[in-house]
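Letter by letter, the chains look like this.
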Amino acid sequence: MYRFLLTPRWLALHVVVLLVIPAFVFLGRWQFGRFEERSANSERVTANIEAAPVPLERLAAPGRQVREDDRFRKVTVAGTYDQTHALLVRRRPQDGRNGYYVLTPLVTGGGTAVIVNRGWVPAAATADAAPEVPAPPAGQVTVTGRLRLSETEESSGIQERSGLPAGQVLLINADKIGKGLPYRLVGGYVELTEQQPKPAAAPAPVPEPDVGAGGGLNLAYGVQWWLFIGIAIGGWILLIRREVAERRSRETSEAPVASDAKTAAN
């Protein structure tokens, strides 16, 4: 009855099922792995955002890159803005509008400084026109903000290119920006959330990072792939049972015909 399972057509089906099952297992495990990674990242970023601010020097220093675990940690730092070396970061949309981030080094003393992203300004009416940028406050200020890693092409997906207008960059990279400055820059930069004293006018704040659902979609996709395993096995068994039922039905219907033919011959 089951010898049909060894025919070429059924052997091909067996091979397909045996290949599909481990593939679905792998895809499900990969999605579960992504869920764990994103959930851990979401929890870490949320905890850093909600933590009390700490002095910048505890987490960052010249010649030392910011640790992944310290991303978005709130820090405080005091110093004076160096407006002569301010920069604009191109291609930074916000609220559906094209614009720039405003970078200004904050000189902290001792020959060191940190890049502060003071916020966002909209682009001018034409691509060649410079945007209106509120000046930073003069004198000593105390900045509170989120600590960020320096951007790279790999981490940001933005490709560097030459020929930009003077005073403009595409990436916030402390190592590259620091090459043209008269002081040493702290690794990474600070994304300003508040400062004292408050200026009369300032760029629009950069929104908090969207930590998302912590990989919830990856969890759903993982469950989906593993459900497909059950569907593949169930469909395979269903096809076999249907084939067996059809063959038994044919044998049952052919049996009386053969019996009648034998009786007539006698």
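The rules behind each value
- Residues numbered from 1 in each chain as written.
- Predicted model: local features only at pLDDT ≥ 70, side-chain atom pairs only at ≥ 80, totals over all residues.
- Heavy atoms only, no water.
- Helix = DSSP H or I, 4+ residues; strand = E, 2+ residues; numbered from the N terminus.
- Rg over C-alpha atoms; globule rule 2.2 N^0.38 Å.
- Buried < 20%, exposed > 50% of the residue type's maximum accessible area, 1.4 Å probe, protein only.
- Core = buried A, V, L, I, M, F, W, Y, C linked by side-chain atoms within 4.5 Å.
- Contact = heavy atoms within 4.5 Å.
- Pairing = 2+ DSSP bridges.
- Patch = residues over 30% accessible without salt bridge, like charges linked within 9 Å, V, L, I, M, F, W, Y side chains within 5 Å.
- Areas by Shrake-Rupley, 256 points an atom, 1.4 Å probe, with all protein chains shown as cover.
- Salt bridge = Lys/Arg side-chain N within 4 Å of Asp/Glu carboxyl O.

Asks: Teacher, can you tell me more about the overall build of the protein chain here?
Replies: Summing up its helical and strand segments, the protein chain has four helices and eight strands in all. For the protein chain, the C-alpha radius of gyration of 33 Å lies well beyond 18 Å, the compact-globule estimate for 266 residues. When the backbone C-alpha atoms are referred to their principal axes, the protein chain occupies close to 120 × 40 × 30 Å. Expressed as a percentage of the 266 residues in the protein chain, the buried residues total 36%.

Asks: So what exactly am I meant to see when it comes to the nonpolar core here?
Replies: Looking at soluble globular proteins, one finds that nonpolar side chains tend to be buried together. One finds L56, L106, V114, V143 and L147 to be the most contacted residues of the largest nonpolar core, which totals 17 residues. Secondary-structure elements contributing two or more residues to this core are β2 (74-81), β5 (112-122), β6 (140-148) and β8 (184-196). In this structure L147 touches L56, L59, A60, V66, D70, R71, F72, R73, V75, Y189 and V190, once residues within four positions along its chain are discounted. One finds L87, V89, L103 and L185 within the second-largest nonpolar core, a separate group that totals 16 residues.

Asks: Teacher, can you tell me more about unusual backbone geometry here?
Replies: Of all residues except glycine, most have a negative phi; of all peptide bonds, most are trans. The omega angle of the peptide bond from Q196 to P197 is -5°, so this bond is cis rather than trans. The phi dihedral of F72 is positive, around 70°, even though this residue is not glycine. With respect to the helices and strands, the residue F72 is situated in the loop between β1 (54-55) and β2. Non-glycine residue R91 carries a positive phi angle of around 60°.

Asks: Any chance you could explain the pairing of β8 here in plain terms?
Replies: On any regular strand, side chains alternate: one points to one face of the sheet, the next to the other face. As judged from the five bridges shared by β5 and β8, these two strands associate in the parallel manner. Bridging from a neighbouring strand, I115 pairs with Y189 of β8. Relative to β8, β6 runs antiparallel, the two being bridged by seven bridges. Across the sheet, the residue bridging to L147 is V190, located in β8.

Asks: Even after reading the chapter, I still don't get a nonpolar patch on the surface, so can you show me in this structure?
Replies: A surface patch of nonpolar side chains, amounting to about 250 Å² of accessible area, comprises L219, V223 and L227. Counting through the fold element by element, V223 comes out in helix α4 (residues 216-265). V223 sits in the partly exposed class, given a relative accessible area of 41%.

Asks: Would you mind showing me how to read the pairing of β2 here?
Replies: Bridge count for β1 against β2 is two bridges, and the pairing is parallel. Residue V54 lies in a different strand from β2, and its bridge partner there is V75. Pairing between β2 and β6: seven bridges, direction antiparallel. Across the sheet, residue T76 finds its bridge partner in β6, namely T144. Looking at chain direction, β2 and strand β4 (residues 99-109) are connected through two bridges and run antiparallel. When the sheet's bridge partners are listed, Y81 is paired in β4 with L106.

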